[in-house]
Each structure stands twice: as structure tokens, then as C-alpha cells.
Amino acid sequence: MTSQTPEKSPSRKQKLQEKQRRQLAVVDTIDKAEAKLRKAEAELAEAVAEAVEVFGDERSASEELGLSIETIRGYLDLVQGDANAAGEPEAAAEPAASVPAGRQAKTKAEAEAAEPEPAMA
């Protein structure tokens, strides 16, 4: 059995610290991507609301945009929910039916992962 010198082999503590650093970097990257996604969804919802205004009604906007009426309504509800949330704190919780098609509600684990981590010293 050969012995290894400390400078060639990282200690168990160093390995764990490096693993934790990489994990935190991944979580940070995901948090940033989720923030960009939320911003893009809000912008899309506003654009859909404007399209409904321009085309006159949900049906016409649906035909022109190639989106289902349910999807259009989901985006309109999202815009309305954001407007209500700005004025009423309890309006922030949206029912699942108002979420645009293809968007799932966050699981408890996703919600916890999205919370900012305390700074490590």
C-alpha cells in the first residue's frame, strides 16, 4: 500500500466543499433561468392581451396567433392576476385553471429550491 501526499490528494473536507460549491452554482444557474422564464411568460401574456385587443376578441386572436382559446384565456388570466396582485396581496394565489397550457404549478421541492440560499461565509 502506497501513501499519498496531502497536496496531491484533496482531503475529504475539500472534496465535500468542492461538491457543495458546484451544487450551489447549479442551483444559482437554475434560479436565474427560472427568473428569466417568469419574465418571458409575463411578457408573452402581455403580448397576448394586446393581441386580443388588436384583433377584437379572444376567438380572432386565437385564430391569428394559432393558440387555443383556453391558452389565450390562461394568458389573460395571468395578466389579470398580476394586475390584481399589485393591488391585493391575497390575489397572488392563482387557481390552476388560470395557468397557461403547458405550465405546471411548482412542486414543494421546486418552490423550496427557488428560494434564495443564505450566503455562506
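We now turn to the structure provided with this report. (Residues numbered from 1 in each chain as written. Predicted model: local features only at pLDDT ≥ 70, side-chain atom pairs only at ≥ 80, totals over all residues. Heavy atoms only, no water.)

## Notes on helix α3 (residues 69-87)
Then, number 1: Between its first and last C-alpha, α3 extends 27 Å over 19 residues, near the 27 Å set by a 1.5 Å rise per residue.
Then, number 2: All buried positions along α3 are accounted for by Thr71, Ile72, Gly74, Tyr75, Leu78 and Gly81.
Then, number 3: Lining the buried residues of α3 we find α1 (12-55) and α2 (58-65). (Helix = DSSP H or I, 4+ residues; strand = E, 2+ residues; numbered from the N terminus. Expected span 1.5 Å × (residues − 1). Buried < 20%, exposed > 50% of the residue type's maximum accessible area, 1.4 Å probe, protein only. Contact = heavy atoms within 4.5 Å.)

## Here's the deal with the nonpolar core
Then, number 1: Grouped together as the largest cluster of nonpolar side chains are seven residues: Ala45, Val48, Val52, Ala61, Ile72, Tyr75 and Leu78.
Then, number 2: Contributing elements (two or more residues each) for this core: α1 and α3. (Core = buried A, V, L, I, M, F, W, Y, C linked by side-chain atoms within 4.5 Å.)

## Considering the packing of α1 against α2
The angle between the axes and the distance between the axes are what describe a pair of packed helices.
Then, number 1: Direction vectors running N to C along α1 and α2 enclose 110°, while the axes themselves pass 8 Å from each other. What the angle tells us is that α1 and α2 run roughly perpendicular. Remark: the crossing between α1 and α2 carries right-handed chirality. The segment α1 lies against α2, with Ala51, Val52 and Phe55 engaging Glu58, Ser60, Ala61, Glu64 and Leu65.
Then, number 2: The residue makeup of the contact of α1 with α2, split by class, is five nonpolar, one polar and two charged. (Axes fitted to C-alpha atoms, helices over the stretch in contact; angles between N-to-C directions. Parallel < 35°, antiparallel > 145°, perpendicular 65-115°, else oblique. Left-handed = near helix turned anticlockwise from the far one by under 90°. Nonpolar A, V, L, I, M, F, W, Y, C, P; charged D, E, K, R; others polar.)

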